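Tertiary structure, described
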Amino acid sequence: MVHEVVTALDGAEVLRRAKQFFTERVPMQAAFPEEEGPGFLTLRGQGGEEIAMAVMSVSGGTRVRASTLLFDQTVDRFFTTLPAPLEQPA
């Protein structure tokens, strides 16, 4: 499933928070960084399942897109920790 949100944070901060959140905040469904770059992060967790996350600048903030098969609820929970965008995207 693909999840998407827009936040006021910059991309680097979103990825930093994602690494911390998925390794520390949800012990029963932890996922750990496997690959990363300036605009993406791949985490690997339980049974080898993956979370692929990308960030891109948009008007008023940063669009965050995450794809996963197993971690849907955890990704949704992470997205609720991100501050709302400065303005609503068109």
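Here's what I pulled together on the structure shown here. Along each chain, residues carry numbers from 1 onward, in the same order as the chain's sequence is written. In keeping with the predicted nature of the model, local features appear solely for residues at pLDDT of at least 70, side-chain atom pairs appear and are counted solely at 80 or more, and the whole-chain, interface and lining totals rest on all residues. Note that water and hydrogens are dropped before the side-chain values are worked out from all heavy atoms of the structure.

Attention now moves to the nonpolar core. A general trend in soluble globular proteins is that nonpolar side chains are found buried together. As used here, the term nonpolar core means buried Ala, Val, Leu, Ile, Met, Phe, Trp, Tyr and Cys residues forming a set that is joined through side-chain atoms within 4.5 Å. For the exposure calls, accessible area comes from a 1.4 Å probe over protein chains only, and a residue counts as buried if that area is under 20% of its type's maximum, exposed if over 50%, partly exposed in between. Counting 20 residues, the largest nonpolar core has Phe22, Ile51, Met53 and Phe78 as its most contacted members. Secondary structure elements follow DSSP: runs of H or I of four or more residues count as helices, runs of E of two or more count as strands, with numbering from the N terminus. Broken down by element, the residue count for this core peaks at five residues, all from helix α1 (residues 11-25). Here a residue-residue contact requires only that any non-hydrogen atoms of the pair lie within 4.5 Å. Among residues more than four places away in sequence, those in contact with Ile51 are Phe22, Ala31, Leu41, Thr42, Leu43, Ser67, Thr68, Phe71 and Val75.

Axis definition: a line fitted to C-alpha atoms, limited for helices to the stretch in contact. Angles are taken between N-to-C directions and run from 0 to 180 degrees. Running from amino to carboxyl end, α1 crosses helix α2 (residues 72-79) at an angle of 130 degrees, the nearest separation of the two axes being 11 Å. When the axes of α1 and α2 are compared, the pair comes out oblique. In this structure, α1 meets α2 at a crossing whose hand is right-handed. Residues Val14, Arg17, Ala18, Phe21, Phe22 and Arg25 of α1 lie in contact with α2, whose contacting residues are Thr74, Val75, Arg77 and Phe78. Each residue receives one of three labels: charged for Asp, Glu, Lys and Arg, nonpolar for Ala, Val, Leu, Ile, Met, Phe, Trp, Tyr, Cys and Pro, and polar for the others, Gly being one of them. Each residue belonging to the contact of α1 with α2 can be placed in one class, and the counts come to six nonpolar, one polar and three charged. Orientation categories follow fixed angle ranges, with anything under 35 degrees roughly parallel, anything over 145 roughly antiparallel, 65 to 115 roughly perpendicular, and all other angles oblique. Note on convention: the crossing is left-handed when the near helix lies turned anticlockwise from the far helix by less than a right angle, right-handed when the turn is clockwise.

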